[in-house]
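In case you want the letters, here they are:
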Amino acid sequence: MRLSISGPWVLGLILVAFLTTGCAYFNTFYLAKKYYKEGQKAQERSAVAGVAPEAASRYDMTIRQCTKVLTDYPKSKWADDAAFLLAAATYGKGDYLTAIHRFEDFHQTYPESPFRPEARLLQGLSRLKRRDYAQADSIFIEVDGKYPKLKRRWDLYFHAGESRAAQREYAAALDWYARAVAVASGRRQNSDALRRTADALVEIDRADSAVKVYERALRAEERSTYRLDIALRRAEALRDLGRYAEATTYLEEWRPNAITLNREGELMLRLHDVQARTGRVEEAIEGYRRLVELHPNTLTAYDAQFRIGYLYESALGDYDAAAQEYEKLRQGPPSEFQSQAIRRSQGLDALRQYRERIEADTTQAQARAAFLVAELYYFQLDRPDSAMLQYETVEREFPNSIYAPKSAYARLWITAVDRGDTVRAQAMTDTMAVRYRGTRFAESALYFWTRWSGRTDARSALLDSLIANPDTTGAGRFLPEEPDEADLLAQPDTTRVKGSDLPPELIQSLAARRAALLGKSYTPPSDRTSPADSIARARADSLARATADSIQTANRPPRAPADSLRASSPDSSGSAPPVGPTAPPPVAEPSDSTTIYITPTR
């Protein structure tokens, strides 16, 4: 008798067959998904900036399971799930280059997969992590337009904003952040988008708006450490607006929270900064000293020690005391504050030597030393207000020196580029055109105005006339320059600099900036050429630029709109200053009466 092939027992055989062939696959993929979710949760819990060790471990386990699925069951209907999870886990553990390649393979292998939108987004995030901003922006725009049903739209908008902010394209960043705020699904997403919106507003000098947005972010944020971050940034915005009393009260209100989170030092740095800006300099210095004692061998201590030296230098004008305070940072480990202290200490030493030279025998030697003092203020000490006053002193006290028109040109540059004062820059250009007519400095001022403003006006017409009919009749009114001596910036005083000198690259950069403002060509010491070669090169460059540049089509870089002016104390930023502003374009070195002295474009 033959058994029938129908009946319940047949279904049992089929089930057994499925279990023997599919159970291992199902368990493997189930574990992969489990480990991936655990990795995500571990990263969310972590307070570290990079990938948390626990998260990285879980992502590694995910990768192993997904690799097994794809190796043992390549034709499974869930193969694309495993391939996507494999690439996503690679991104999660911070291997962004490999993740990019795996996402590319995923798109080619599974063109119909429902995971394509998210895979493309993660590919863009991988590009962003590698600072490949152009590619990241392109992918974000593509995903936004091509996949309108993408579930992770907040991630798309927020990180698209992060990419633009990293490139200082703050207007575009604000647009993306606004879209992130609109689709935020929880308090954290809302807070993060609002916080970064406020950060971008600060960068474009809209501190009034930033203060309000920070307050909205605080209401949304629930994580204690993030709340303190936002509060500190809001206090800085109040400070930048000159609302010092409000900033002080606000910081005092948040002090208990900072103590609880063991971050009181960060808050007190900002509080003492506000004190210094309101004229309570000695009180601020004492506060910084307490921070050095209470937080030894920390970034808070190094920051406070640098600020002590900076206040002695910028607020009290006690350069010897400032140098002594900067010197204390040499003994600590390398840090940004140490390098800044070394640079400023060397600048103060050079400043002392230049001031001594102002007492020199000849008037022109005095003029040169006074001019170099202004250069040090501007380039190495990052004190543009002091530099402006010193340049004015050179013009006033040495009107017959060649350094008078050079100082006028430097003031024009700072007024235009650093301060963005169009009205004042226009007036200074007119003054130079009259006062220094017949010199290359008058032409250079007209050229700079035309290029910087992008305008075609009476000044550009005068420039065209001078290009067609060079006028050098005024050159003889000024005493010739002093012969160049050993450059103090290129050869700093080694009697006080031990062990931690400025790197040669920075010294050469400063020397090049100095040469630019002096109207000279600069060649590194290892590649010096003869004076005749330098003059020929300068003249050829000047003539080539004068012929090739289209002055009328030049545009001034756009300035971001501001809803308030940021208040600040002269030469006292209260934080470690940058290496220095961009140097003015050089004035070409004269070679003969036929040279057209046009300032090269920056």
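This text follows the structure it describes.
Just so we're clear, the structure is a prediction, and the values are computed from it rather than from any experiment. (Residues numbered from 1 in each chain as written. Predicted model: local features only at pLDDT ≥ 70, side-chain atom pairs only at ≥ 80, totals over all residues. Heavy atoms only, no water.)

**Considering the overall build of the protein**
A count of helical and extended segments in the protein gives 25 helices and zero strands. Taking all 602 residues of the protein together, the buried fraction comes to 49%. Relative to all contacts within the protein whose residues are 6 or more apart in sequence, the contacts with residues 24 or more apart total 62%. Of the accessible surface of the protein, which amounts to about 29500 Å², a share of 53% is contributed by carbon and sulfur atoms. (Helix = DSSP H or I, 4+ residues; strand = E, 2+ residues; numbered from the N terminus. Buried < 20%, exposed > 50% of the residue type's maximum accessible area, 1.4 Å probe, protein only. Contact = heavy atoms within 4.5 Å. Areas by Shrake-Rupley, 256 points an atom, 1.4 Å probe, with all protein chains shown as cover.)

**Looking at the pattern of salt bridges**
Side chains that carry opposite charge are capable of pairing whenever their charged atoms lie near each other. Applying the stated criterion to the full structure yields 44 salt bridges. Between E313 and R383 there is a salt bridge; the shortest N-O distance is 3.6 Å. Highlighted residues: E313 in helix α15 (residues 299-314) and R383 in the loop between α18 (363-380) and α19 (384-397), separated in sequence by 70 residues. This pair shows no difference in class: E313 is buried, exactly as R383 is. Residue E392 pairs with R411 through a salt bridge whose shortest N-O separation is 3.8 Å. One end of the pair, E392, is in helix α19; the other, R411, is in helix α20 (residues 403-418), and 19 residues separate them in sequence. (Salt bridge = Lys/Arg side-chain N within 4 Å of Asp/Glu carboxyl O.)

**Describing the nonpolar core**
Judged by nonpolar contacts, the single largest core of 135 residues is most densely connected at F103, F140, Y288, L351, Y391 and M432. No other element matches the ten residues that α18 contributes to this core. The contact partners of Y288, leaving out residues within four places of it in the chain, are L269, H272, D273, A304, R307, I308 and L311. Formed by five residues, the second largest nonpolar core is a distinct cluster that contains A433, L446, L463 and L466. (Core = buried A, V, L, I, M, F, W, Y, C linked by side-chain atoms within 4.5 Å.)

**Concerning the packing of helix α11 (residues 224-240) against helix α12 (residues 244-260)**
For any two helices packed against each other, one specifies the inter-axial angle together with the distance between the axes. As a packed pair, α11 and α12 sit with axes 8 Å apart at the nearest point and diverge in direction by 165°. Considered as vectors, α11 and α12 are oriented roughly antiparallel to each other. Classified by chirality, the crossing of α12 by α11 is left-handed. Residues R227, L228, A231, L232, R234, A235, L238 and R239 of α11 lie in contact with α12, whose contacting residues are Y244, E246, A247, Y250, L251, W254 and A258. (Axes fitted to C-alpha atoms, helices over the stretch in contact; angles between N-to-C directions. Parallel < 35°, antiparallel > 145°, perpendicular 65-115°, else oblique. Left-handed = near helix turned anticlockwise from the far one by under 90°.)

**Considering the side chain of S126**
Tracing the chain through its elements places S126 in helix α5 (residues 116-129). Not counting chain neighbours up to four residues away, the residues in contact with S126 comprise Y91, Y96, A99, I100 and F103.

**Focus on the packing of aromatic side chains**
All told, the structure shown has 17 aromatic pairs when counted by the stated rule. Here F306 and Y310 contribute two aromatic rings whose centre-to-centre distance is 6.1 Å and whose plane-to-plane angle is 25°, an arrangement assigned as stacked. Taken together, the residues F306 and Y310, both in helix α15 and four residues apart, mark about one turn of the helix. There is no split in this pair, since F306 and Y310 are both buried. Relative to Y403, the ring of F371 lies with its centre 5.4 Å away and its plane at 35°, an arrangement referred to as tilted. Here the residue F371 occupies a position in helix α18, and Y403 occupies one in helix α20, the gap between them amounting to 32 residues. According to the relative accessible area criterion, F371 is buried, its value standing at 0%. Taking relative accessible area as the criterion, Y403 reaches 1% and is therefore assigned buried. Through successive ring pairs, a cluster of aromatic residues spans Y409, W413, F448, W449 and W452. For R223, the ring lying beneath its charged end belongs to Y226, and the centroid distance is 3.9 Å. The ring of Y250 is capped by R234, whose NZ or CZ atom sits 4.7 Å from the centre of that ring. (Phe/Tyr/Trp six-rings, centres within 6.5 Å; stacked < 30°, edge-to-face > 60°. Lys NZ or Arg CZ within 6 Å of the ring centre and 35° of its normal.)

**Observations concerning unusual backbone geometry**
Despite not being glycine, R131 shows a phi value in the positive range, around 60°. Look at R131 and you get exposed, because its relative accessible area is 62%. Non-glycine residue D205 carries a positive phi angle of around 60°.

**A few points about helix α7 (residues 153-166)**
The end-to-end C-alpha separation of α7 is 20 Å, in line with the 20 Å expected for 14 residues at 1.5 Å each. With respect to burial, α7 is a largely interior element, twelve of its 14 residues being buried. The set of residues buried in α7 consists of R153, W154, D155, L156, Y157, F158, H159, A160, G161, S163, R164 and A165. Against the buried residues of α7 lie α5, α6 (133-146), α8 (170-183) and α9 (187-203). Backbone geometry just after α7 places R168 at a positive phi near 65°. (Expected span 1.5 Å × (residues − 1).)

**Some words on the layout of surface pockets**
For the second largest pocket, the calculated volume is near 1800 Å³. Lining the second largest pocket are 38 residues, and of these Q43, K129, H159, D192 and Y226 sit closest to its centre. Elements represented by at least two residues in the lining of the second largest pocket include exactly α1 (8-45), α3 (79-92), α5, α7, α9 and α11. Grouping the amino acids of the lining of the second largest pocket by side-chain chemistry returns 16 nonpolar, nine polar and 13 charged. (1 Å grid on protein atoms, 1.4 Å probe; cavity = no way out; pocket = protein on both sides within 12 Å on 5 of 7 lines; lining within 4 Å. Points joined across faces, edges and corners; volume = space filled by probe spheres on them. Nonpolar A, V, L, I, M, F, W, Y, C, P; charged D, E, K, R; others polar.)

**Here we look at the environment of E162**
Of note, E162 is situated in helix α7. Owing to a relative accessible area of 22%, E162 belongs among the partly exposed residues under this scheme. Along the chain, E162 and A172 lie ten residues apart, while their C-alpha atoms are 9.9 Å from each other. With near-sequence residues (within four places) excluded, E162 lies in contact with L128, Y177 and R196. Side-chain polar atoms of E162 contact the side chain of R196, separated by 2.7 Å. (Polar contact = N/O pair within 3.5 Å; in protein donor to acceptor, adjacent residues only side chain to side chain.)

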